[in-house]
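Here is what each chain is made of, one letter per residue.
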Amino acid sequence: MWPALFAWGAGLIHIAVAAGSPLGVLVPLTALGLAELAWGIAALRLGRMPLVRTALAVGVLATLGGLVLALFDLMAWIPLVSSSLMLLAIASASAVTLRRAARGSNGRSADDRDADAEPSARSSAPVGRTLIGVVAGALLVSALTTPALAQTHAGDYAIPHGEMTGHHGH
């Protein structure tokens with residue numbers, strides 16, 4: 001479940017960074033962000049990580065691409081670090097899933113192993129533990145995502161926190 005939450009956090013950051021970027025950066029970052037959001041939805045829907053090998057590759061490549069953007073001042077460092085932490089967590093989970101599938105393959109083809117590389121954890125986990133996991137994951141993702149979004153062009157236009165805007169008299 002946490003990889004899906006991480007994908008949503010990284011997707012939101014990438015879309016926010018894209019919002020203030022030149023066209024050559026806007027299009028790939030928006031596509032990456034939308035793909036991350038869709039991947040997170042698919043992961044929750046399936047109860048496992050879909051496209052495990054692709055998630056591993058995209059996690060590593062997107063992190064390296066973000067580093068290049070940051071070096072050319074097209075992405076601030078806080079969004080880079082936040083999105084990279086989440087993407088590398090997804091890549092690590094993907095690597096563990098692939099490793100487990102390789103160990104337990106018992107002669108099955110690679111496609112068969114990918115199809116059920118990570119069995120659904122929803123059916124075996126107690127509801128209370130699952131709820132605690134969701135809340136903890138959401139808190140972690142929000143702690144990483146909120147400061148990163150504030151450092152984007154889109155965050156520049158957000159209402160300042162702690163200040164009243166508009167009509168003050170009642």
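Parameters and conventions
Residues numbered from 1 in each chain as written. Predicted model: local features only at pLDDT ≥ 70, side-chain atom pairs only at ≥ 80, totals over all residues. Heavy atoms only, no water. Helix = DSSP H or I, 4+ residues; strand = E, 2+ residues; numbered from the N terminus. Buried < 20%, exposed > 50% of the residue type's maximum accessible area, 1.4 Å probe, protein only. Areas by Shrake-Rupley, 256 points an atom, 1.4 Å probe, with all protein chains shown as cover. pLDDT = per-residue confidence, 0-100. Contact = heavy atoms within 4.5 Å. Axes fitted to C-alpha atoms, helices over the stretch in contact; angles between N-to-C directions. Parallel < 35°, antiparallel > 145°, perpendicular 65-115°, else oblique. Left-handed = near helix turned anticlockwise from the far one by under 90°. Nonpolar A, V, L, I, M, F, W, Y, C, P; charged D, E, K, R; others polar. Phe/Tyr/Trp six-rings, centres within 6.5 Å; stacked < 30°, edge-to-face > 60°. Core = buried A, V, L, I, M, F, W, Y, C linked by side-chain atoms within 4.5 Å. Patch = residues over 30% accessible without salt bridge, like charges linked within 9 Å, V, L, I, M, F, W, Y side chains within 5 Å. Salt bridge = Lys/Arg side-chain N within 4 Å of Asp/Glu carboxyl O. Polar contact = N/O pair within 3.5 Å; in protein donor to acceptor, adjacent residues only side chain to side chain.

*Asks:* Kindly report on the overall build of the protein, identifying the contributing residues and their values.
*Replies:* On a plain count of helices and strands, the protein comes out with 7 helices and 0 strands. Each helix and strand of the protein, ordered N terminal to C terminal, gives the series α-α-α-α-α-α-α. Across the 170 residues in the protein, those meeting the buried criterion constitute 33%. Accessible area for the protein stands at about 10100 Å²; split by element, carbon and sulfur atoms hold 69% of it.

*Asks:* Now, about the confidence of the model for the protein: what can you tell me, with residues and values included?
*Replies:* Of the residues in the protein, 82% have a pLDDT of 70 or more, and the chain-wide mean is 85. Per-residue pLDDT stays below 50 along residues 111-118; that stretch engages in 17 contacts with residues further than four places along the chain or on separate chains.

*Asks:* Tell me about the packing of helix 1 (residues 2-19) against helix 2 (residues 23-46), and name the residues and values.
*Replies:* Orientation of helix 1 relative to helix 2, taken along the N-to-C sense of each, is 160°, at an axis distance of 8 Å. As summarised for this structure, helix 1 and helix 2 are arranged roughly antiparallel, according to the angle between their axes. Where helix 1 crosses over helix 2, the handedness of that crossing is left-handed. Looking at the contact of helix 1 with helix 2, its residues break down into 18 nonpolar, 5 polar and 1 charged.

*Asks:* Give a detailed account of the packing of aromatic side chains, specifying residues and quantitative values.
*Replies:* Within a pair of aromatic rings, the relevant descriptors are the distance that separates the centres and the angle that separates the planes. Inspection of the entire model under this criterion finds 1 aromatic pair. Each ring, one from tryptophan 2 and one from phenylalanine 6, has its centre 6.1 Å from the other, and the planes form 85°; the classification is edge-to-face. With tryptophan 2 and phenylalanine 6 both in helix 1, this residue pair falls 4 residues apart, about one helical turn. You can call tryptophan 2 partly exposed: its relative accessible area is 34%. Using a relative accessible area of 9% as the deciding quantity, one classes phenylalanine 6 as buried.

*Asks:* For the environment of methionine 86, give the residues involved together with the corresponding values.
*Replies:* By secondary structure assignment, the location of methionine 86 is in helix 4 (residues 77-103). Taking the C-alpha atoms as reference points, methionine 86 and valine 141, separated by 55 residues in sequence, lie 8.1 Å from one another.

*Asks:* Report on the nonpolar core, specifying residues and quantitative values.
*Replies:* Among the nonpolar cores identified, the biggest contains 28 residues, and Leu29, Trp39, Met86 and Ile90 are the most heavily contacted of them. Within the residue set of this core, elements represented by two or more residues are helix 1, helix 2, helix 3 (52-71), helix 4 and helix 6 (127-150). Examining the composition of this core, we find that 8 residues originate from one element, helix 1, more than from any other. In this structure, methionine 86 is in contact with Phe6, Gly9, Ala10, Ile13, Val141, Leu144 and Thr145, ignoring residues within four places of it in sequence.

*Asks:* Tell me about the packing of helix 1 against helix 4, residues and numbers included.
*Replies:* Between helix 1 and helix 4, whose axes approach to 9 Å, the crossing angle comes to 145°. Here helix 1 and helix 4 pass one another in a crossing that is left-handed. Counting all contacts with helix 1, which are made through Pro3, Phe6, Ala7, Gly9, Ala10, Ile13, His14 and Val17, the residues of helix 4 involved are Pro79, Ser82, Ser83, Met86, Leu87, Ala89, Ile90 and Ala93. The residue makeup of the contact of helix 1 with helix 4, split by class, is 12 nonpolar, 4 polar and no charged.

*Asks:* Describe a nonpolar patch on the surface, naming the residues involved and giving the relevant values.
*Replies:* On the surface, a cluster of nonpolar side chains totalling about 620 Å² of accessible area is made up of Leu67, Val68, Leu71, Phe72, Leu74 and Trp77. Along the chain, the position of valine 68 falls in helix 3. The partly exposed category is assigned to valine 68, whose relative accessible area is 44%.

*Asks:* A description of the environment of threonine 30 should follow, citing residues and the corresponding values.
*Replies:* Looking at the element boundaries, threonine 30 is found in helix 2. Separated by 11 residues in sequence, threonine 30 and alanine 19 have C-alpha atoms that sit 8.2 Å apart. Ignoring any residue separated from it by four or fewer positions in sequence, one finds threonine 30 in contact with Ile15 and Ala18. Polar side-chain contacts of threonine 30 include one of 2.7 Å to the backbone oxygen of leucine 26.

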